[in-house]
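# Coordinate analysis (summary)
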Amino acid sequence: MGLYDYSGYGQSSGKPSEHNTYADIEVAYKYLEENYGAKQEDIILYGQSVGSGPTLDLASRLPRLRAVVLHSPILSGLRVMYPVKRTYWFDIYKNIDKIPLVKCPVLVIHGTADEVVDCSHGKQLWELCQQKYEPLWLKGGNHCNLELYLEYLRHLRKFISTVEKSPSQRLSFRRSTERVEQSRGSIDCFETPRKSTDQKDKPRKSTDHRDKPRKSTDLKDKPRKSTDRTDKLKFHEYKVNNTEKLEKLRVHFDQMERSRRSIEYDKSRTIEFQDKSRRSVDVQFKRPRKSIDWLDRTRAN
């Protein structure tokens, strides 16, 4: 069993990011392959919560992998926070797009009371698996306490013992799971009674020839008229509200225009006052100048 910490977690240095986690699991796989001689057929990948992203990224690129265990997995990073229906380019850990590429058996374990990652994430991933193994939905399980359930260990041991069997035995197990899925599909789909009910059209035609039921059905237009009246009333209220808003805006603009005019008038008055004061100052300066000129003349004479 090989355990490792992602960059920025536990004892590992570096910064946590999506790219670094992909590099971390790639290094761990290369280490097992080069130092212990491990092959794809001998490895079972286990990913929990956010760790399901790097796990599925590596599993989608290893066609001969023995098996994968997804513990409280996520559909994608964005889908944990928002119920989006499509994958965006800025999303992270796009497990929903990678799990169809995984060719080995996949076990999904999820708690039904998970408040961090909803159980629907695990169920939708299980539906997209190529080789589905019987999932484990732990009733009342949260995001971080599934290991405390006895059923968790039992189901995990059963899965490991199953994937350790020969390929022929695993093929028989796969056929049995497919039969279970077919039986579930047959239970979910009951189309024959629906067709039998749909064929009951002849008595309807016989009743259509009668005039009285037609009149009775034609009289069912009054509630439609009442709904039309309500729509008209709503439109009238909307129109009245809009006119009131327009009237308020018009009054507001009139007030702004008056204030603007008053400001311009005050400016003109101040300018006129400044001109008068300047003229008075010029007159006051001219008088002493004339007296000085008269003194100069007298002195010259």
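All figures in this text were calculated on a predicted structure; none of them were measured in a lab.

Reading guide: rules and limits
- Residues numbered from 1 in each chain as written.
- Predicted model: local features only at pLDDT ≥ 70, side-chain atom pairs only at ≥ 80, totals over all residues.
- Heavy atoms only, no water.
- Core = buried A, V, L, I, M, F, W, Y, C linked by side-chain atoms within 4.5 Å.
- Buried < 20%, exposed > 50% of the residue type's maximum accessible area, 1.4 Å probe, protein only.
- Helix = DSSP H or I, 4+ residues; strand = E, 2+ residues; numbered from the N terminus.
- Contact = heavy atoms within 4.5 Å.
- Pairing = 2+ DSSP bridges.
- Right-handed = clockwise from strand over helix to strand, strands pointing away.
- Salt bridge = Lys/Arg side-chain N within 4 Å of Asp/Glu carboxyl O.
- pLDDT = per-residue confidence, 0-100.

Turning our eyes to something else, we now look at the nonpolar core. Counting residues in hydrophobic clusters, the biggest one holds 22 residues, and the most contacted among them are Leu-45, Leu-65, Val-68, Leu-70, Val-102 and Val-106. Among the elements of the structure, α1 (18–35), α2 (52–59), β2 (67–71), β3 (105–111) and α5 (119–127) are those that each provide at least two residues to this core. Other than its neighbours up to four places away in sequence, Val-106 contacts Val-68, Leu-70, Cys-129, Gln-131, Lys-132, Tyr-133 and Phe-159. Counting residues in hydrophobic clusters, the runner-up holds 12 residues, among them Leu-107, Leu-136, Leu-138 and Leu-146.

Only one face of strand β1 (residues 44–48) is buried, namely the one carrying Leu-45 and Gly-47, since none of Ile-44, Tyr-46 and Gln-48 on the opposite face is buried. With five bridges joining them, β1 and β2 adopt parallel strand pairing. Each residue of the ladder has a partner; that of Leu-45, found in β2, is Val-68. A crossover links β1 with its parallel partner β2, the connecting element being α2, and its sense is right-handed.

Inspection of every chain in the model, using the stated rule, returns seven salt bridges. The partner of Asp-57 in a salt bridge is Arg-61, and the shortest N-O contact between them spans 3.1 Å. One salt-bridge network, held together by shared partners, links Glu-26, Asp-57, Arg-61 and Lys-98.

Across the chain, the average pLDDT comes to 77, with 60% of residues at 70 or higher. Confidence over residues 184–227 falls short of pLDDT 50; this stretch has four contacts with residues more than four positions distant or in other chains.

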